[in-house]
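# A structural walkthrough
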Amino acid sequence: MAARRRRGSAAAVALTAALGVGSALLLSACGPEVPAPGATATASGPTAAGSAVPGSATPSAGHSGTPGKSPAPVPAHGTGVPHLTVSNGTSQVLLDNSTVDFHTAVRDLAWSPDGSKAAFIDGAGNLVVSNPDGTGKVVAAKNPGGQTWSHPTWQVTHEDTVNHVPVKNNLFFVVDQGGATRLVAVPANGSNSTPAPLSLYREADDNPTPLPQTGNVWPNASGKVGAAVYANTGDGKVYIRDDYLRQQGGELTQGSQPALGPDELSVVFVRSVGGHDHLFEWQRGTDKPTVKDLTPNATTDYTEPAWSPDGKQLAARTPNGIVTLPADGSAAPKPTAATPGLPAYRP
């Protein structure tokens, strides 16, 4: 495609080239659900609500947890794993070597690419940005009521003067209103901003069928060119979104809970195999993408994967807590001291 060939960034070229291949991948996130003002809480999780997809974990609307159960106590020493953090819907957030009280419920904690800021959904259902210790809270967007917000992710890019691409500093997240989920965006450095619908278009020469605008959940952005992946609960597919020079995107494969790697060429995702949720990694190859089961001997469910900043490690949630494993699947998942919750790495 001409627009893609014009890219000045090799990473962007490699990423969008994957859209032309009918290949495999999926998505990630959260902690116990706290209803937004005026909203009704519903049970959801990797195998709860949504349309089942053969061979793939059932997508959720963006939250996971155990309804009716109180979160387990959190260890004061944190996760004990470099950069790894865990949020579980309470005010207590586990950092790598300590536990911090944010003094409000913290759901779906996500870190800025430089690690200097945290974004999360607070106890009132608002989107909040704060310092890593929970101080300096700013309501980036106030929930108007009747909605449930979830899974913020940072889209941050530097200015590209060669290709005339401006600086981007946005937060993407999910708005669930009456069971219809949509992706929206606000400026990450704003205050009380009004969420705007996130554009979701594909190139006409790829496929004339419009991309679904509802049922989209679990956005996850990464890398230097502002790309993101997300899942759709209606068709059970994972999609990729790119807006480096122009906004374009498309479906990649069926599955759920995708997380885009720091290299923007790899995606880790969840797929059901033999009665358990496994972690798979999709990686773009020279000729075509490859897909590898990272947990082929799974005897439990591995969900909500997250990448380490260097792309060498993964963290995932299990019913008994957080595990870590090499991103290439060269070793079995290793339990950490972390309590169950949403894993995320702080750069």
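Residues numbered from 1 in each chain as written. Predicted model: local features only at pLDDT ≥ 70, side-chain atom pairs only at ≥ 80, totals over all residues. Heavy atoms only, no water.

### A few points about the sheet that holds strand β18 (residues 276-283)
- Read across the sheet, four strands follow the order β16-β17-β18-β19 without closing on themselves; strand pairing throughout is antiparallel. Both outer strands of the open sheet, β16 (256-260) and β19 (290-293), are each paired with one neighbouring strand and no more. Put simply, the sheet's adjacent strands are angled 25° from each other on average, direction ignored.
- For strand β17 (residues 266-273) and β18, the ladder comprises eight bridges, and the chain directions are antiparallel. Following the sheet pairing, Val273 is matched in β18 by His276. (Pairing = 2+ DSSP bridges. Helix = DSSP H or I, 4+ residues; strand = E, 2+ residues; numbered from the N terminus. Axes fitted to C-alpha atoms, helices over the stretch in contact; angles between N-to-C directions.)

### What about the sheet that holds strand β13 (residues 227-232)?
- Spatial ordering of the open sheet is given by β12-β13-β14-β15, a layout of four strands whose pairing is antiparallel. Edge positions in the open sheet fall to β12 (216-222) and β15 (248-254), since each of these has one partner strand only. On average, each strand axis in the sheet is tilted by 25° relative to the strand beside it, whichever way the strands run.
- Bridge analysis of β12 against β13 gives five bridges, and the strand direction is antiparallel.

### Some words on the pairing of strand β14 (residues 237-242)
- For β14, a buried count of five out of six residues is recorded, marking the element as mostly surrounded by other parts of the structure.
- When β13 meets β14, the two strands line up antiparallel, connected through five bridges. When the bridges of β14 are listed, Tyr230 appears paired with Tyr239.
- As consecutive antiparallel partners, β13 and β14 are separated by four residues, and within that stretch Gly236 has a phi angle of approximately 70°, a positive value.
- Sheet topology places β14 next to β15; six bridges connect them, and they run antiparallel. Residue Arg241 lies in a different strand from β15, and its bridge partner there is Gly249.
- Adjacent in sequence and paired antiparallel, β14 and β15 are bridged by five residues. (Buried < 20%, exposed > 50% of the residue type's maximum accessible area, 1.4 Å probe, protein only.)

### Re the confidence of the model for the protein chain
- The share of residues in the protein chain with pLDDT of 70 or more is 78%, and the mean pLDDT across the chain is 82.
- Within the model, the stretch residues 1-68 combines pLDDT values under 50 with 231 contacts to residues more than four positions away or in other chains. (pLDDT = per-residue confidence, 0-100. Contact = heavy atoms within 4.5 Å.)

### Thoughts on the packing of aromatic side chains
- Going through the model one piece at a time under the given rule, you end up with four aromatic pairs.
- The interplanar angle of 50° and the centroid separation of 5.0 Å between the aromatic rings of Trp149 and Phe173 together place this pair among those described as tilted. Highlighted residues: Trp149 in strand β8 (residues 148-157) and Phe173 in strand β9 (residues 168-177), separated in sequence by 24 residues. Phe173 matches Trp149 in its accessibility class, with the two residues each being buried.
- Taken together, a centroid distance of 5.7 Å and an interplanar angle of 15° make the contact between Phe269 and Phe280 stacked. In this pair, Phe269 sits in strand β17 while Phe280 sits in strand β18, placing the two residues 11 residues apart along the sequence. For the residue pair Phe269 and Phe280, the accessibility class agrees, reading buried in each case.
- Directly above the ring of Phe280 sits Arg271, whose terminal nitrogen or CZ lies 5.0 Å from the centroid. (Phe/Tyr/Trp six-rings, centres within 6.5 Å; stacked < 30°, edge-to-face > 60°. Lys NZ or Arg CZ within 6 Å of the ring centre and 35° of its normal.)

### Some remarks on the pattern of salt bridges
- All chains considered together, the criterion is met by four salt bridges.
- With its nearest N and O atoms 2.8 Å apart, the salt bridge here joins Arg202 to Glu251. Highlighted residues: Arg202 in the loop between β11 (196-197) and β12 and Glu251 in strand β15, separated in sequence by 49 residues.
- The class of Glu251 is partly exposed, set by a relative accessible area of 23%.
- Glu304 is paired through a salt bridge with Arg317; the nearest N and O atoms lie 3.5 Å apart. (Salt bridge = Lys/Arg side-chain N within 4 Å of Asp/Glu carboxyl O.)

### Things to note about the nonpolar core
- By size, the foremost hydrophobic cluster in this structure holds 15 residues, and its most contacted members are Leu127, Val129, Trp149, Trp154, Leu171, Phe173 and Val186.
- Within the residue set of this core, elements represented by two or more residues are β5 (118-121), β6 (127-130), β7 (138-141), β8, β9 and β10 (180-187).
- The element best represented in this core is β9, accounting for three residues.
- Among the nonpolar cores identified, the runner-up in size contains 14 residues, and Leu183, Ala185, Val217 and Ala228 belong to it. (Core = buried A, V, L, I, M, F, W, Y, C linked by side-chain atoms within 4.5 Å.)

### Observations concerning the environment of Gly250
- Its place among the elements puts Gly250 in strand β15.
- Sequence separation between Gly250 and Lys237 is 13 residues, and the spatial gap between their C-alpha atoms is 10.0 Å.

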